[in-house]
Amino acid sequence: MKFYYKCTECGLTFDIKPNVRVCPACKSAQKANRPLRGVLETVCEGKPEIAPEVDSLKFIHCLLPVERHFFPPVPVGMTPLWSPENLRKQLRLPNLYIKDDTLNPTGSLKDRASYLVAAFALKYKIDDIVVASTGNAASSMAGIGAAAGLNVKIFIPAAAPRAKMVQSLQYGADVTLVEGTYDLAFDKSIEYTDKYGGLNRNTAYNPLTLEGKKTVALEIFTQSGSAPDHVFVPVGDGVILGGLYRGFIDLFEKGYTDRIPVIHSVQAEGSSAINRALETGDFSDPIASATIADSISVDVPRNGYYALNMLKKHSGRGVTVTDDEILKAQNMLASSAGLFAEPSSASVLAGLLKVRDKINEKDSVVLVVTGNGLKDIDAAMKIFEK
Ligand SMILES: *Cc1c(COP(=O)(O)O)cnc(C)c1O
């Protein structure tokens, strides 16, 4: 297998090395208050020597740009794809599945990206990792970094849910609270790495974040034996969405599947830049985000251009839900499926409920549930306080 980075805008290619982040040519077109220009995707050439049905884990590692022995000894991914029987009946969708990524070591899907970034750091003997986050990317990098023996410095908004900050402290990260939004934390972390060095893990800015998240698509495929008809995913910066597309595109290009699922980009009404752009055709000036679902609360979606292109190209759909719908779906998911998810993650069920009548009963539908409900108990209490 041969791996290299390719600019998602101009197509220029680059070797996979620590100092390569966004495409230098497209970066010059960067405007303030717009998504990142020149986000890089990882291309893998060749076909894995192992068939997915022979050894799915080996198959997946064949499609990743860092050799398997560099990955830290912590059980990331291979989360269950299971059948929520009560929800299936309630929604009249006998082929509904949950991909339960709350079961990752630090409780969120972010571990998939942190895992690949940590393996990459170990391969290149880099000791220091820096990341800005709304909370989960930080606690994830802190935890996976701890297992890998790395030093992790994080920048998070002072208003981030307490549990995510406590997790990061427990894992031994150096935590800087930023008086301001995630967007400010993002800028501060980049200033920091420009000045002091270390590997920056910021979402989309580090190409391995997009690449690491593709494993969720590869697993959905190996666990069910095919690509589903529909996938619902929560969207903030659009890197999980991009990773899903990357995974299904790899499978498609290498001939394992003959289709790319319809991916539903679920956003909160108070943070819906990507879905708005899907309607209007492009990104406009940001609207300050305001939603209970902190993990998908972003003003400027970093991976916006790539996410938008993929949605357009592969007939993806935007579904926008209110905070009220999210909190109701959170309770429904917990009380009927037994899965307690944080608000961002429960939004996928809210999204499915909203467009249920546009989906055929026979279709296979996967809800990607990205983060554990215990990460933000204040949000989860709201529905009972009314
Ligand atoms: C980060 C995150 C998301 C959103 O992912 P993006 O790549 O920012 O779109 C959704 N759910 C959880 C739990 C997250 O931590």
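Our subject is the structure that appears above.
Everything in this summary refers to the structure shown in the same document. The residue numbering used here restarts from 1 in each chain and proceeds along that chain's sequence as written. Local features in this predicted model are restricted to residues of pLDDT 70 or higher, and side-chain atom pairs are both shown and tallied only at a pLDDT of 80 or more, whereas totals for entire chains, interfaces and linings draw on every residue. Calculated side-chain values reflect all of the structure's heavy atoms, with hydrogen atoms and water omitted.

1. Focus: the packing of helix 4 (residues 111–123) against helix 5 (residues 136–148)
Lines fitted to the C-alpha atoms define the axes, with helices restricted to the stretch that makes contact. Angles between their N-to-C directions range from 0 to 180 degrees. Secondary structure elements are taken from DSSP: a helix is a run of H or I of four residues or more, a strand is a run of E of two residues or more, and numbering for both begins at the N terminus. Contact geometry of helix 4 with helix 5 gives a least axis separation of 9 Å together with a crossing angle of 40°. Taken together, the axes of helix 4 and helix 5 lie oblique to each other. For the crossing formed where helix 4 meets helix 5, the hand is right-handed. Listed contacts from helix 5 to Asp111, Ser114, Tyr115, Val117, Ala118 and Leu122 of helix 4 are Ala137, Ser140, Met141, Ile144 and Ala148. When residues are grouped by polarity, Ala, Val, Leu, Ile, Met, Phe, Trp, Tyr, Cys and Pro land in nonpolar, Asp, Glu, Lys and Arg in charged, and all others, Gly among them, in polar. Residues of the contact of helix 4 with helix 5, tallied by class, amount to eight nonpolar, two polar and one charged. The cut-offs work like this: below 35 degrees is roughly parallel, past 145 is roughly antiparallel, 65 to 115 is roughly perpendicular, and the gaps in between are oblique. Handedness of a crossing is defined here by the sense of rotation of the near helix relative to the far one, left-handed for an anticlockwise turn of less than a right angle and right-handed for a clockwise turn. A contact between two residues is defined here by any heavy atoms of the two lying within 4.5 Å.

2. Remarks on the side chain of Ser114
Relative to the helices and strands, Ser114 resides in helix 4. We call a residue buried when its accessible area falls under 20% of the maximum for its residue type, exposed when it is over 50%, and partly exposed in between, using a 1.4 Å probe and counting protein chains only. Exposure remark for Ser114: the relative accessible area of 0% places this residue in the buried category. Separated by 2.7 Å, the side chains of Ser114 and Ser140 make a polar contact. A 3.5 Å cut-off defines polar contacts: any pair of N or O atoms within that distance qualifies, except that in protein one atom must be a possible hydrogen donor and the other a possible acceptor, and neighbouring residues in sequence count only when both atoms are side-chain atoms. A distance of 3.5 Å separates a polar side-chain atom of Ser114 from the backbone nitrogen of Met141. Sequence-distant contacts of Ser114, that is, excluding residues within four places in its chain, are made with Ala137, Ser140, Met141, Ile144 and Arg201.

3. What to know about the environment of Ser108
Within the secondary structure layout, Ser108 lies in the loop between strand 5 (96–100) and helix 4. A relative accessible area of 1% means that Ser108 is categorised as buried. A C-alpha to C-alpha distance of 9.9 Å links Ser108 and Gly373, two positions 265 residues apart in sequence. Among residues more than four places away in sequence, those in contact with Ser108 are Asp101, Asn136, Thr370, Gly371 and Lys375.

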